[in-house]
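Structural features, examined
Below are the chains, spelled out letter by letter.
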Amino acid sequence: MPELVNGNPSPKSHIKTLMRIGYDLNSAVADIIDNSISAEASEIAVACPPDSSEPYILISDNGIGMNEGELIENMRIGCKDPSLERDLKDLGRFGSGMKTASFSQARKLTVISKKKGSNICAAYWDIDEIEETDTWCLKKLNTNEIKDIPQLSNNPISKNGTLLIWEKIPKFFIKDHVSLEKEIASNMVDLAKYISLHFHKFMQGPNKVSISVQNRELKPLDPFLKGQPGSQDGPSEPIRTKKGKVTVNTHILPHPKRISKSLIDEHGGIDEIYKNQGLYIYRANRLIIAGGWMGISNTNILGNLARVEINIPASLDDEWSTDVKKSSMQLPPKVKTVLKRLGKVPVEGSKKEHNYSGNKQIANQYWDIIEDEVKKTVKYHIYLDNNELKSFTEELTKDKKIALKKYLQNLCINLPYYHIFQKHAADPKAIEQNEIDLDTFIKARKELDKIWNT
Ligand SMILES: Nc1ncnc2c1ncn2[C@@H]1O[C@H](COP(=O)(O)OP(=O)(O)O)[C@@H](O)[C@H]1O
Ligand SMILES: [Mg+2]
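First things first, this report covers the structure right here in the doc. Here the residue index of a chain counts from 1 through its sequence in written order. Chains and ligands are labelled by the order in which they are written, letters from A for the one and numbers from 1 for the other. Predicted model: local features are reported for residues with pLDDT of at least 70 only, side-chain atom pairs are reported and counted for 80 or more only, and whole-chain, interface and lining totals are derived from all residues. Hydrogens and water molecules were not included; the side-chain quantities draw on all heavy atoms of the structure.

A positive phi is found at Q214, a non-glycine position, where the angle reads about 50 degrees. Mapped onto the elements, Q214 comes out in the loop between β7 (210–213) and β8 (216–217). A relative accessible area of 26% means that Q214 is categorised as partly exposed. Here M294, not a glycine, exhibits a phi torsion of approximately 50 degrees, which is positive. Numbered from the N terminus, helices here are DSSP runs of H or I no shorter than four residues, and strands are runs of E no shorter than two. Relative accessibility decides the category of a residue: with a 1.4 Å probe and only protein chains considered, values under 20% of the type maximum give buried, values over 50% give exposed, and everything between is partly exposed.

Printed below as a string of structure tokens:
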């Protein structure tokens, strides 16, 4: 008979693995917001006060909350069986998001919660303590200790709700205060955009959830620009499986020429809109995958207005291999077949939208095509509104800006279009633009290599 030996992982080592599941700040906060939505919150607030010398992030909601017994149970990692049938609206699965998402960003997680009719309760995990003692030392706070939590005084839980506090955030271990403030500000701007997009379906309609970041209520960011003049809905199709129904809807965005500048800015600029063609997979209304074709189609420059919306219920997590972070999924074979067929429709629609859109087209985020129908001429211009170009020109001196402008102008003038035309006419496959490898090219020219590496 084999001898039973203790094979428990050492908490000190295990916690290091749990901290590195692969969340980033945005996906970690999103996992916490999932919990608030599952707890029926109508208001959720995320804040990171920029003026604190020891930055912390607060995520609060007015959901149903937890009593002390529930809180202690739910603070355990893997507190629920992933194969449990859950309520349709429940966005959870593995019983670990609250802890692992938090540990990916912060070395201390405090959860304070109040359920109607129960006392307020609080508990915390501190990774420093787990590492020092090599034990799973969850700490419960008593009423006086809860009163002393400084962050609670500005964010009291009145009737019911939950407040998470992330402290000791390695990302914000920055001594210089100005740099720290900048880092917090840019992270919060990024986060606000991520939440506006990934939770946009919850932020509209009669039961809308209000979500704020840094005290500013977010506006939903609809990737299909529904209701905008010129946006088109293509064919839809349901796919039934044993455990639930998937719906596929196709969309074609209006050409950016027909979208207002403010809406383009809300979406992060034209190149952001162009970059994100492909599949949009929603799990129980929460966006998980935002763009990319996952192998069912090639990215096509003129297909950049094509979007395919896929709605799946959380009951299909097994079939779609939803991961712990809820940030990746795999298409089941049956769905792939439908998507390969249906995906062509918006891509074709997008090409037509480009052709239809008149004499000035933006071919992609690097080139403009300017056609003059009166003079019957065409010009190929560098696309000057490109965000990458704008961001590095900002740092240049005036002289360098002038030199760069001249260089770009010459680049356009000297486009070897006769050669391209001849080659393309003779043998279109001979042109290998996708294979351009600048590193090898630069190394082959020693002088260039010096400039590039200084
Ligand atoms: N904001 C919240 N309000 C109420 N209950 C919560 C909240 N956050 C988490 N919980 C409870 O804690 C449990 C564990 O959460 P979590 O670790 O994220 O795993 P999962 O969401 O997969 O169940 C949830 O199922 C829920 O019962
Ligand atoms: Mg969860």
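With that out of the way, let us pick up the packing of helix α13 (residues 387–394) against helix α14 (residues 398–413). Describing two packed helices takes the angle between their axes plus the distance from one axis to the other. Fitted lines through C-alpha atoms give the axes, limited to the stretch in contact for helices. The angle between two N-to-C directions lies from 0 to 180 degrees. The contact between α13 and α14 brings their axes to 10 Å, and the two run at 150 degrees. Our classification of the angle between α13 and α14 gives roughly antiparallel. Relative to α14, the crossing made by α13 is right-handed. Of α14, the residues touching α13 (which contributes L389, F392, T393 and E394) are K401, L404 and L408. Oblique is the label for any angle not under 35 degrees, not over 145, and not in the 65 to 115 range, which are roughly parallel, roughly antiparallel and roughly perpendicular in turn. For a crossing to be left-handed, the near helix must be turned anticlockwise from the far one by less than a right angle; the clockwise case is right-handed. By definition, residues are in contact when any of their heavy atoms lie within 4.5 Å.

What follows concerns the pattern of salt bridges. Salt bridges are identified by distance alone: a Lys or Arg side-chain nitrogen within 4 Å of an Asp or Glu carboxyl oxygen. Applying the stated criterion across every chain yields a total of 21 salt bridges. A salt bridge links E129 to K139; its shortest N-O distance comes to 2.8 Å. Placement of E129 in helix α5 (residues 127–133) and of K139 in strand β5 (residues 139–141) is noted, with a sequence separation of 10 residues between them. When the shortest N-O distance is used, the salt bridge between K261 and D265 registers 3.0 Å. Taken together, the positions of K261 and D265, both in helix α9 (residues 261–266) and four residues apart, correspond to about one turn of that helix. With relative accessibility at 60%, the residue K261 sits in the exposed group. Where salt bridges share partners, they join K16, R107, D126, D128, E131 and K168 into one cluster.

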